[in-house]
Number of protein chains: 2
Amino acid sequence: MKSAVRIAITGAAGNIGYAAAFRVAAGNMLGTDQPIILQLIEIPPALGALEGVKMELCDCAFPLLEDIICTADANVGFKDVDYVLSIGSKPRTKGMERADLLSENGKIFGPQGKAINDNASRDVKVLVVGNPANTNALIAANNAPDLDMRQFTSMMRLDHNRAISQLSSKTNTPVTKIKQMIVWGNHSLSQYPDISHCKVDGKDAKSLVDDSWYKEEFMPRVQKRGAEVINARGASSAASAASAAIDHMRSWVIGTDGDDWVSMGIISKGDYGIAEGLMYSFPVRCKNGNYEVVQGLSIDDFSQKMMKATENELLEEREAVKDLL
Amino acid sequence: MKSAVRIAITGAAGNIGYAAAFRVAAGNMLGTDQPIILQLIEIPPALGALEGVKMELCDCAFPLLEDIICTADANVGFKDVDYVLSIGSKPRTKGMERADLLSENGKIFGPQGKAINDNASRDVKVLVVGNPANTNALIAANNAPDLDMRQFTSMMRLDHNRAISQLSSKTNTPVTKIKQMIVWGNHSLSQYPDISHCKVDGKDAKSLVDDSWYKEEFMPRVQKRGAEVINARGASSAASAASAAIDHMRSWVIGTDGDDWVSMGIISKGDYGIAEGLMYSFPVRCKNGNYEVVQGLSIDDFSQKMMKATENELLEEREAVKDLL
């Protein structure tokens, strides 16, 4: 039996955290041969509810779950952790300006980056889910000077999975046969869901769908899917976000399949002309716990424009939080 | 690749149904080589929210999930299903008498049994989770004359798992080393969590804990755990109930481990002196999709008394719904 790994989940009593914790404990993220210690982190007012989450996790008698730590102290919560699902963040409230949202979250993710820097395993892998995820991850990465910035990532996998699902539905093809999807840039309305390189059961996706469907239906639908779910369900995406977080980490740790790739928000090294140091979503292949940006993809004028637009938004976000970097 | 199986979930937009659907779709119930079609059933006012659940399930791009049907029509929802997670029920509201609760649910589970009888696969396996689960399952079973009553079961696995967890914590032993736990009878305060036959890392459980702890702390804690979770979390057990439902079905379909057993509410054939035809929880071993009551366990006077008390409650419940059987 492998020795246990430590997984921190912030915002663990919230809806996404709650949906994630049980699937992680069931072995969905790292496999059913990997024992787990969960380190659940919440803000002080939510510690009572977090205790209830812990009770329910115990009540599942999960074979893999060796221990559960509940805390509001980041130095305790991130102690020796191997993986971080950073889910908790300050949501946008009515009338809040984007600059306020960024700076309110900066107050969370700066100290969080430092606490991870000071306490986590030196090989820690961090996924930021809490919005604005890219810039929150950027702030955390910049506040962890002893770690490699590549250890901090942001979640684009929900957008990636949504894009696969929409194309699957349109082409009446199983999701398992949709390969090489990309969602570039920011997890926001400016994201660019790109099917230029995508294969549908081996065929070029663009040869199977109208350009007007692609640009006028598919793209906005993927970009605005969060709102569509809220309208229907009366609550924001929770289980699907948790599932994407699990997928992101599993791909990173266990690897991507064959020639396929996934979309991850990572620190740009300048690939495809994207400004260095931004937390930007690229197509990546993963192997042995590492990821590499897929190289050599041809970028047409439309893609170039879309990739720039979402880059520009991230540049503005970075500018707004520059004091925290 | 196996061909897809059809799994109905009632109350699929509720908290337990929501927690169950994603884990089922991820392969947690029947394994990661078993494709799935989900048939999600809700009452008409919840169909909008159910559409949101469907969106999120699609957004996960689960490899195993071939199709999702959403309906308020039981004849559509149960059509050709191989498995039923019957989760939706009428909760007890303030001031409601037990007889009212039973009869209100009878109005749901009588027609549900008939719809399963008329539409489901002849080999369907039904698990009733919605409370009062035992008597709801009894009503459904009695309204499905063309099926074997053994195809209808009620959930005691949450109680069973809670009992394992409490004993694990008390004896500081991993849950994987706690074997042969039993919870007898009704999923209610009268249930009897019985450690008389239980082994803790090979040792008799009763030799490791005080009798006073067993009777005055362990038993009431397991019996009243639902209330403890509500008090802490501000919401009733959802993910742990869903997890227990998945465990119940997985044990039934895939089998119990070695010499171990699980607790399931099943139609009594008179084993251990329990009245025939009650939906009563017994220890069972499962193999090849079947279950058999564990035979030959010695029952001491205390156990006899506790088993009778919970039997008496189920007899009263049956009497209260006799017009529906």
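A quick note: this is a predicted structure, and the numbers were derived from the prediction, not measured.

A. A look at the overall build of chain A. If you tally the helices and strands in chain A, you get 10 helices and 14 strands. Over its C-alpha atoms chain A spans a radius of gyration of 19 Å, differing by no more than 12% from the 20 Å that the globule rule assigns to 325 residues. Along the longest, intermediate and shortest principal axes, the C-alpha atoms of chain A span 50 × 45 × 40 Å. Looking at chain A as a whole, 58% of its 325 residues qualify as buried. Summarising the internal contacts of chain A: among those between residues at least 6 apart in sequence, 72% fall at separations of at least 24. Of the roughly 12,700 Å² of accessible surface on chain A, 47% is carried by carbon and sulfur atoms. Once the 35 positive and 41 negative side-chain charges of chain A are each reduced to a mean point, those two points are 2 Å apart.

B. Region of the structure containing the environment of B:V229. The residue B:V229 is located in helix α8 (residues 225–233) in this model. If we skip the residues at most four places from it in the chain, B:V229 touches A:M55, A:E56, A:D59, B:G234, B:A235 and B:S237.

C. Representation of the environment of B:N117. All names here are of chain B. Of note, N117 is situated in helix α4 (residues 98–119). You can call N117 buried: its relative accessible area is 5%. Apart from the residues within four sequence positions on either side, N117 is in contact with R122, N143, A144, P145, D146 and L147.

D. Layout of the interface of chain B and chain A. Counting residues at the interface gives 38 residues for chain B and 38 residues for chain A. Both sides together, the interface formed by chain B and chain A hides about 2,900 Å², and carbon and sulfur atoms give 60% of it. Taking the shortest distance from any N to any O, the salt bridge between A:D59 and B:R162 comes out at 3.5 Å. Across the chain B-chain A interface, the total number found is 23 residue pairs in polar contact (both at pLDDT 80 or more). When contributions to the side of chain B that touches chain A are tallied by element, the ones reaching two or more residues are α1 (15–25), α2 (47–59), α6 (157–171), α8 and α9 (239–254) of chain B. Top contributing element to the side of chain B that touches chain A by residue count: α2(B), with nine residues.

E. Focus on the domain arrangement of chain A. Residues and elements named next belong to chain A. By domain assignment, chain A separates into domain 1 (5–154) and domain 2 (157–323). One C-alpha centre belongs to domain 1, the other to domain 2; they are set 23 Å apart. Tallying the contact residues gives 32 residues for domain 1 and 37 residues for domain 2. For the pairing of domain 1 and domain 2, the buried interface totals around 2,800 Å² over both sides, and the portion due to carbon and sulfur atoms is 66%. For the domain 1 face of the interface with domain 2, the top three residues by lost area are K125, N134 and R150, together amounting to 24%. Run the count over domain 1 and domain 2 and you get zero salt bridges. Summed over the shared surface of domain 1 and domain 2, the result is 10 residue pairs in polar contact (both at pLDDT 80 or more).

F. Highlighting the sheet that holds strand β11 (residues 203–204) of chain B. All names here are of chain B. Spatially, three strands are ordered β7-β10-β11 in an open sheet, and the strand pairing comes out antiparallel. Each edge of the sheet is formed by a strand with only one pairing partner; in this case those strands are β7 (178–179) and β11. Inspection of the sheet shows strand β10 (residues 199–200) paired to β11 by two bridges, in the antiparallel sense. Bridge pairing in β11 places K199 opposite D204.

G. Examining the relation of the copies chain B and chain A more closely. The operation relating chain B to chain A is a screw motion whose rotation component is 180 degrees, with 0.0 Å of axial translation and a residual RMSD of 0.0 Å. The transformation just described matches what one would write down for a two-fold rotation axis. The share of interface residues of chain B whose copies in chain A are also at the interface is 100%, consistent with both copies meeting through the same surface.

H. Main features of the packing of α1(B) against α9(B). Residues and elements named next belong to chain B. In contact at an axis separation of 8 Å, α1 and α9 are set at 45 degrees when each is read in the N-to-C sense. Here α9 runs oblique to α1, going by the angle between their axes. Crossing angle aside, the handedness with which α1 passes α9 is right-handed. In contact with I16, A19, A20, R23 and V24 of α1, α9 contributes A239, A241, A242, S243 and I246. The class makeup of the residues in the contact of α1 with α9 is eight nonpolar, one polar and one charged.

I. Layout of the pattern of salt bridges. One pass over the structure, following the stated rule, counts 35 salt bridges over all chains. In this structure, A:R221 engages A:E228 in a salt bridge whose closest nitrogen and oxygen atoms are separated by 2.7 Å. Of the residues examined, A:E228 reaches a relative accessible area of 22% and is grouped as partly exposed. Here the salt bridges share partners, and the residues they tie into one network are A:D59, B:R162, B:R221, B:R225 and B:E228.

Scoring rules and cut-offs
- Numbers given to residues run from 1 along each chain, matching the order in which its sequence is written.
- Naming scheme: in the order in which they are written, chains are lettered from A and ligands are numbered from 1.
- Side-chain atom pairs in this predicted model are given and counted only at pLDDT of 80 or more, local residue features only at pLDDT of at least 70, and totals for whole chains, interfaces and linings cover all residues.
- The basis for every side-chain value is the complete set of non-hydrogen atoms in the structure, without hydrogens or water.
- In DSSP terms, a helix is any run of H or I states spanning at least four residues, a strand is any run of E spanning at least two, and both are numbered starting from the N terminus.
- Computation of the radius of gyration draws on C-alpha atoms, with the globule rule given as 2.2 Å multiplied by the number of residues to the power 0.38.
- Burial classification: accessible surface area is computed with a 1.4 Å probe over protein chains only, and a residue below 20% of its type maximum counts as buried, one above 50% as exposed, and the rest as partly exposed.
- Here, two residues are considered to be in contact whenever any of their heavy atoms come within 4.5 Å of each other.
- Using a 1.4 Å probe, accessible areas were evaluated by the Shrake-Rupley method; residue-level cover was limited to the displayed protein chains.
- Positive charges come from Lys and Arg, negative ones from Asp and Glu, while His and the chain ends are left out of the count.
- By convention, the charge on Lys lies at NZ, on Arg at CZ, on Asp at CG and on Glu at CD.
- A quick way to say it: buried area is the sum, across both parts, of accessible area lost when two parts are put together, with a 1.4 Å probe.
- Salt bridges are identified by distance alone: a Lys or Arg side-chain nitrogen within 4 Å of an Asp or Glu carboxyl oxygen.
- Pairs of N or O atoms are called polar contacts if they sit within 3.5 Å, as long as, within protein, a hydrogen donor faces a hydrogen acceptor (for residues adjacent in sequence, only side-chain-to-side-chain pairs).
- The domain limits used here are those given by an automatic or database domain assignment.
- When DSSP finds at least two bridges between two strands, those strands are taken to pair.
- Least-squares fitting of one copy onto the other uses the C-alpha atoms of those residues that reach a pLDDT of at least 70 in both copies.
- Inter-axis angles, ranging from 0 to 180 degrees, are taken between N-to-C directions of lines fitted to C-alpha atoms, where helices are fitted over the stretch in contact.
- Roughly parallel means an angle under 35 degrees; roughly antiparallel means over 145; roughly perpendicular covers 65 to 115; every other angle is labelled oblique.
- Less than a right angle of anticlockwise turn of the near helix away from the far helix marks a crossing as left-handed, whereas a clockwise turn marks it as right-handed.
- Classification used: nonpolar for Ala, Val, Leu, Ile, Met, Phe, Trp, Tyr, Cys and Pro, charged for Asp, Glu, Lys and Arg, polar for all others including Gly.

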